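# Structural features, examined
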Amino acid sequence: MRVLLERIFNGFRVVSTFKNYQELNSGHINDTYLIHTHKKPNYVLQRINGNVFSDAGNLVVNKVLVSDFLQLKYKNFPFEEVSKKVLCFVKTKDSAFFYKDEDQNIWNLSVFIEDSITYLKTPNSKIAFEAGKATGLFLENTTDFDVALLTEILPDFHSITTRYIQFKKALKNATNATKEKTQSLISFVEQHIEEMLQIDKAIEGGIIPLRLTHSDTKISNILFTENKALCLIDTDTVMKGAIHFDYGDAIRTICNTADEDEKDLNLVDFNLDFFKSYTKGFFQELKNITKEEKEFLPVSIKMMPFIMGLRFLTDFLNMNVYYKVNYENHNLDRAKNQFAYIESINKKYTDVKLIIEREITQ
Ligand code: GN1
Ligand code: MG
């Protein structure tokens, strides 16, 4: 592995030499390596999963376009500072955005942000507030980004309509033994599907405007240093979408008292304090929001765990072909966790609406 990584690393326009590598395991899709060099900067080298992303090359182009756009917002800042606020991608020695190896795998390289940490679970409300600021700022700074510049890589990524069709298809093809394990989850899907389709319908009806979104704002995709958020990472899914995708997906992990892989459902709860802090931070930065967008914020915090639960469940029914799993029922346990989380949100839903109302008007 070392020989391969060093060779690919050297295909990029780097300013230091390869020392060693460390695999970063938090993602479910790509293979990611931290490359330590003899002299800083260190780098993050990533092989894009060609099964999930059939147009991996254009995916990297998308990421670089968004990153370059964000860097321009900080054009008067020293590079030292900019490189902590925005991911900085490195071109190959042939000036390409990505490196293609002999097996047609696509690789990208970015500068590692030193002294940064990520969380799987929110440690306190200050971190929730900072996470809100980071996602709100990403959206605010990309309000004027022209999404027509991007290649559509994963159509209907956050469409409940499409995900429900995929689920139904998986259900039809699943064995009885597999289906047996998912009975209570299937009922949950059927009971909630109508409510969860609200955002799809508002988008189709032109009520919710579309714009650039990050589309994978889980807490482990936010970099922090001490107790300040630095920036959003893992921009593989930057795409045209609704702010609800980013708001709802962030709250999906930030306010869940258990992490995404937790099997003990007693540990799953919706932390209202973290929700309040997150929402405060988010609207401190994001100023452009319409009355209609505001109306769909409460349901978005249920819709995003619903779509993730539905996707984990579908992948379980499909025998785990999409997400990396560590054991047979991993996706099933992930789906149960998401649906349990929606149930705990429901218990506090009146407060959710009040908090959103209060934090936006402030
Ligand atoms: C995947 O790339 P990664 O592991 O951060 C997935 C997201 C899900 C997430 C669940 C392209 O994200 O949609 O929210 O897992 N990304 C893709 O943790 O499917
Ligand atoms: Mg991702």
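### Here we look at the coordination of the magnesium ion (ligand 2)
Listed as protein donors to the magnesium ion (ligand 2) are D216 (OD) and D234 (OD); their distances from the metal cover 2.0 to 2.1 Å. Placement of the pair is D216 in the loop between β7 (211-213) and β8 (222-225) and D234 in the loop between β9 (228-232) and β10 (239-241), with a sequence separation of 18 residues.

### Side note on the domain arrangement of the protein chain
By a frequent convention, interface size equals the accessible area lost on bringing the separate parts together. On domain assignment, one finds that the protein chain holds domain 1 (2-111) and domain 2 (125-361). One C-alpha centre belongs to domain 1, the other to domain 2; they are set 26 Å apart. Carbon and sulfur atoms make up 61% of the surface buried where domain 1 meets domain 2, a total of about 2300 Å² over both sides. Together, H28, N62 and V66 form the three largest contributors to the area buried by domain 1 at its contact with domain 2, with a combined 28%. At the junction of domain 1 with domain 2, the criterion picks out three salt bridges. Of the charged contacts, one joins D236 and K63 as a salt bridge, the two residues approaching to 2.8 Å between their closest N and O atoms. Secondary structure elements with two or more residues in the side of domain 1 that touches domain 2: β3 (43-48), α2 (56-73) and α3 (79-85). With nine residues, α2 is the largest single contributor of residues to the side of domain 1 that touches domain 2.

Analysis parameters
- Residues numbered from 1 in each chain as written.
- Chains lettered and ligands numbered in written order.
- Predicted model: local features only at pLDDT ≥ 70, side-chain atom pairs only at ≥ 80, totals over all residues.
- Heavy atoms only, no water.
- Donors = N, O, S within 2.8 Å, 3.2 Å for Na, K, Ca; no water.
- Helix = DSSP H or I, 4+ residues; strand = E, 2+ residues; numbered from the N terminus.
- Domains from an automatic or database assignment.
- Buried area = accessible area lost by both parts, 1.4 Å probe.
- Salt bridge = Lys/Arg side-chain N within 4 Å of Asp/Glu carboxyl O.

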